[in-house]
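# Structure assessment
Each chain, letter by letter, is given below.
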Amino acid sequence: MVITAGIDIGSKSTEAVILRDDKLVGAAMLPTGADSGSAAAKTLKLALNSCGLTEKELSYIVSTGYGRGNLPAADEYITEITCHAKGSWWYFPESQVILDIGGQDCKAILCDAAGRVSDFAINDRCAAGTGRYLERAAELIGMPVDHMGSASLNAAEKSISLDGICIVYAEKKIRSLLRQGRSRNDIAYAACEYVANRVASLVYQVWTPGETFCMSGGVAHNIGVVKRLEAMLGVSVKIAPNPEYIGAVGAAVLAAERVAL
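Presented here is an overview of the structure given in this document. Because the structure is a prediction, the values reported are computed rather than measured.

With that out of the way, let us pick up the sheet that holds strand β7 (residues 106–111). Spatial strand order, β8-β7-β6-β9-β10: five strands in an open sheet with mixed pairing. Both outer strands of the open sheet, β8 (117–123) and β10 (238–239), are each paired with one neighbouring strand and no more. One ladder, built from two bridges, connects strand β9 (residues 213–216) with β10; its direction is parallel. Within β10, the position partnered with M215 by the bridge is I239.

The subject of this paragraph is the sheet that holds strand β5 (residues 76–77). The sheet built from five strands is open, its strands ordered β3-β2-β1-β4-β5 with mixed pairing. Looking at the sheet topology across the chains shown, the edges are occupied by β3 (23–31) and β5. Where strand β2 (residues 13–20) lies against β3, eight bridges are found, and the strand directions are antiparallel. Across the sheet, the residue bridging to E15 is M29, located in β3.

A few words on the packing of aromatic side chains. Taken as a whole, this structure holds five aromatic pairs when the rule is applied. On the numbers, 6.4 Å between centres and 45° between planes, the contact of Y91 with F92 is tilted. Residue classification places Y91 among the partly exposed residues on the basis of a relative accessible area of 22%. You can call F92 buried: its relative accessible area is 15%. Between W207 and F213 the ring centres are 6.5 Å apart and the planes differ by 65°, which places this aromatic pair in the edge-to-face class. Overall, W207 belongs to the buried group, its relative accessible area being 5%.

Counting buried residues along helix α3 (residues 131–141), nine of its 11 residues qualify, which places the element largely inside the surrounding structure. Looking at α3, one finds that the buried residues are G131, Y133, L134, E135, R136, A137, A138, L140 and I141. Contacts from the buried residues of α3 go to β6 (97–101), α4 (148–152), α5 (167–179), α6 (184–206) and α7 (223–233). Backbone geometry just downstream of α3 places G142 in the positive-phi region, at approximately 70°.

What follows deals with the pattern of salt bridges. For the coordinates displayed, the defined rule picks out 15 salt bridges. Across the pair R136 and E139 runs a salt bridge whose closest N-O atoms are separated by 2.8 Å. Taken as a pair, R136 and E139 lie in helix α3 at a separation of three residues, close to a single helical turn. Looking at R136, the relative accessible area reads 19%, which means it is buried. Each of K12, R132, E135, R136, E139, E171 and R175 takes part in one network of salt bridges that share partners.

What follows is about the nonpolar core. By size, the foremost hydrophobic cluster in this structure holds 46 residues, and its most contacted members are L99, Y133, M148, L162, F213, M215 and L229. Excluding residues within four positions of it along the chain, L229 makes contact with L99, A196, V199, A200, M215 and G234. Ranked by size, the runner-up nonpolar core spans 17 residues in total, among them A28, L48, C51 and I61.

The next thing to look at is the environment of A47. Position of A47 relative to the elements: it lies in helix α1 (residues 36–50). Through-space distance from the C-alpha of A47 to that of A27 is 4.5 Å; in sequence the pair is 20 residues apart. Contact partners of A47, with chain neighbours within four places excluded, come to A16, I18, G26, A27 and A28.

A word on the pairing of β2. Of all eight residues in β2, six are buried; the element is thus mostly enclosed. Looking at chain direction, strand β1 (residues 3–9) and β2 are connected through seven bridges and run antiparallel. Residue pairing for β2: A5 is matched across the bridge by I18. Counted along the chain from β1 to the antiparallel partner β2, the turn is three residues long. The antiparallel hairpin formed by β2 and β3 contains two residues in its connecting segment, where D21 sits at a positive phi of about 50°.

This part is about the environment of P31. Structurally, P31 can be placed in strand β3. Through-space distance from the C-alpha of P31 to that of T14 is 6.0 Å; in sequence the pair is 17 residues apart. Sequence-distant contacts of P31, that is, excluding residues within four places in its chain, are made with K12, S13 and A39.

Contact pair helix α2 (residues 80–91) / helix α8 (residues 246–260): the axes reach a minimum separation of 7 Å and the direction vectors enclose 85°. In terms of their interaxial angle, α2 and α8 are classed as roughly perpendicular. Residue-level contacts link T82, C83, H84, K86, G87, S88, W89, W90 and Y91 of α2 to I246, G247, V249, G250, A251, V253, L254 and E257 of α8. Partitioned by chemical class, the residues of the contact of α2 with α8 number nine nonpolar, six polar and two charged.

So, how was this worked out
- Residues numbered from 1 in each chain as written.
- Predicted model: local features only at pLDDT ≥ 70, side-chain atom pairs only at ≥ 80, totals over all residues.
- Heavy atoms only, no water.
- Pairing = 2+ DSSP bridges.
- Helix = DSSP H or I, 4+ residues; strand = E, 2+ residues; numbered from the N terminus.
- Phe/Tyr/Trp six-rings, centres within 6.5 Å; stacked < 30°, edge-to-face > 60°.
- Buried < 20%, exposed > 50% of the residue type's maximum accessible area, 1.4 Å probe, protein only.
- Contact = heavy atoms within 4.5 Å.
- Salt bridge = Lys/Arg side-chain N within 4 Å of Asp/Glu carboxyl O.
- Core = buried A, V, L, I, M, F, W, Y, C linked by side-chain atoms within 4.5 Å.
- Axes fitted to C-alpha atoms, helices over the stretch in contact; angles between N-to-C directions.
- Parallel < 35°, antiparallel > 145°, perpendicular 65-115°, else oblique.
- Nonpolar A, V, L, I, M, F, W, Y, C, P; charged D, E, K, R; others polar.

Okay, here's the thing in structure tokens:
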């Protein structure tokens, strides 16, 4: 029996999953907070508790994400690009391109038939096109970020543009639209449209029309962004049941591969 753990220590949240003989048996997620090492250790313990296992029973632990080096218990540290590719491949072996939209950055990844990275493009210099952009937009219009996607589908006016690449300029534009009495649904649509446009430019750097396409990261829950991307790219986007765990799943799958060597 091979039992492995994958921990994805991100800027906003930390996810941990447990694989037993290539089956997902445990998972947990906590806010990363100021102490990423402590968050990782706690999340791993919760994931183990969820399936009645202990750390001593783990064959191998792989840590990924920005804080991957802050988990001493890990046997190996692997980049999030590699882990997201492998995690998406585990769910969708036919996947060729993965779009991961995180809280602080966005990555478009091209992978081969074994889930190995062939090429990638990344935007990590600005919050535009990330989960943080949507969170801030939701705060300004007084709407839970989890509701933005569905609200955008009910927009009556779809010509609003949130131009400018900086979240600061977007904030000014949103405040102005609210003063004009514009609908919250219409502004939500504009925010989702803007994020979709931003990330589509990354996708086109690695994607060839016709290739299988999937999304990972928490923004994959935003139906507004997903629908706009599908319309722009002319594809049906594949999304795993819990897309925010993809990096951790990939880390656990890579851990199992290490054990098999």
